[in-house]
Amino acid sequence: MAEPKAPEPTGKLDISQRGTAAPTDSFADPAGKPVTLAAFKGKPVLVNLWATWCGPCVREMPTLDHIADRAGDKLKVLTVSQDNKDVDIGPTFAEGGFKHLERYRDPDNKLGFAFNTGMLPTTVLYDKDGKEVWRVIGAMDWNGPRANTLLAEYVG
């Protein structure tokens with residue numbers, strides 16, 4: 001008998017913040033230098049808050065890597081670790097074999113507090129002007145039909 005297929009993870013879609021400007025809090029770019037979401041204006045940005053200790057976060061990372069690949073220059077995918085600075089996120093990236101995700105970090109959880117969802121993963125889409133379009137609170141299969149619908153305009 002075949003194993004039953006696990007249901008697609010479906011986080012809660014929230015559009016209550018639509019039109020809100022992106023937070024101005026800084027986080028660390030892959031080189032460890034401070035950066036804000038304003039640095040990405042001009043292109044839609046999908047910001048995913050995750051942590052190494054969060055199983056659903058780590059499970060959805062390969063699908064985010066795939067979205068980053070499919071989107072090309074149409075959409076910037078930022079995965080921002082909420083782990084504290086002592087945690088090495090490198091092994092998670094190495095084990096996942098991610099080719100299109102970069103190692104952004106927010107050890108002070110500034111974005112986490114600004115997003116104010118109290119849950120990881122949290123993923124927020126900003127338009128090219130830095131205004132929130134929607135957020136998904138909880139895990140998502142970013143290759144699944146629901147995500148494809150949410151991202152159709154940005155990924156094709």
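Look above for the structure.
Quick caveat, the model's predicted, so the values are computed rather than measured.

1. Thoughts on unusual backbone geometry
That bond from Leu-120 to Pro-121 is cis: its omega, -10°, falls within 30 degrees of zero. Relative to the helices and strands, Pro-121 resides in the loop between helix H3 (110-115) and strand E7 (122-126). You will see that Asn-109, though not glycine, has its phi angle at about 55°, which is positive. Along the chain, Asn-109 turns up in the loop between strand E6 (104-105) and H3. At Asn-116, a position not held by glycine, the phi torsion is positive, near 55°. Its place among the elements puts Asn-116 in the loop between H3 and E7. A relative accessible area of 65% means that Asn-116 is categorised as exposed.

2. Examining the layout of surface pockets
Volume-wise, the largest pocket comes out at about 180 Å³. Along its surface, the largest pocket is lined by 13 residues, and Gly-112, Phe-113, Gly-118, Met-119 and Leu-120 are the ones closest to its centre. Sort the elements by how many residues they give to the lining of the largest pocket and H3 lands first, with three residues. A per-class count over the lining of the largest pocket returns six nonpolar, seven polar and no charged.

3. A few points about the pairing of E7
Most of E7 sits out of view: five of its five residues are buried. Neither face of E7 is open: one carries Thr-122, Val-124 and Tyr-126, the other Thr-123 and Leu-125, and all of them are buried. Connecting E7 to the next strand, strand E8 (residues 132-140), in antiparallel fashion are five residues, including Gly-130 with a positive phi near 80°.

4. Comments concerning the pattern of salt bridges
Across all of its chains, the model carries three salt bridges by this definition. Here Lys-76 makes a salt bridge to Glu-102, at a shortest N to O gap of 2.4 Å. Separated by 26 residues along the polypeptide, Lys-76 in strand E5 (residues 76-81) and Glu-102 in the loop between helix H2 (90-96) and E6 bring together distant segments of the chain. A relative accessible area of 22% means that Lys-76 is categorised as partly exposed. With a shortest N-O distance of 3.6 Å, Lys-128 and Asp-129 are connected by a salt bridge.

5. As for helix H4 (residues 145-155)
Listing the buried residues of H4 in full gives Ala-147, Leu-150, Leu-151, Tyr-154 and Val-155. All buried residues of H4 lie within an arc of 120° about the axis, which places them on one face of the element. Opposite its buried face, H4 presents the exposed residues Pro-145, Thr-149 and Glu-153, each directed more than 90 degrees away.

Criteria and cut-off values
Residues numbered from 1 in each chain as written. Predicted model: local features only at pLDDT ≥ 70, side-chain atom pairs only at ≥ 80, totals over all residues. Heavy atoms only, no water. Helix = DSSP H or I, 4+ residues; strand = E, 2+ residues; numbered from the N terminus. Buried < 20%, exposed > 50% of the residue type's maximum accessible area, 1.4 Å probe, protein only. 1 Å grid on protein atoms, 1.4 Å probe; cavity = no way out; pocket = protein on both sides within 12 Å on 5 of 7 lines; lining within 4 Å. Points joined across faces, edges and corners; volume = space filled by probe spheres on them. Nonpolar A, V, L, I, M, F, W, Y, C, P; charged D, E, K, R; others polar. Pairing = 2+ DSSP bridges. Salt bridge = Lys/Arg side-chain N within 4 Å of Asp/Glu carboxyl O. Arc of directions from axis to C-beta.

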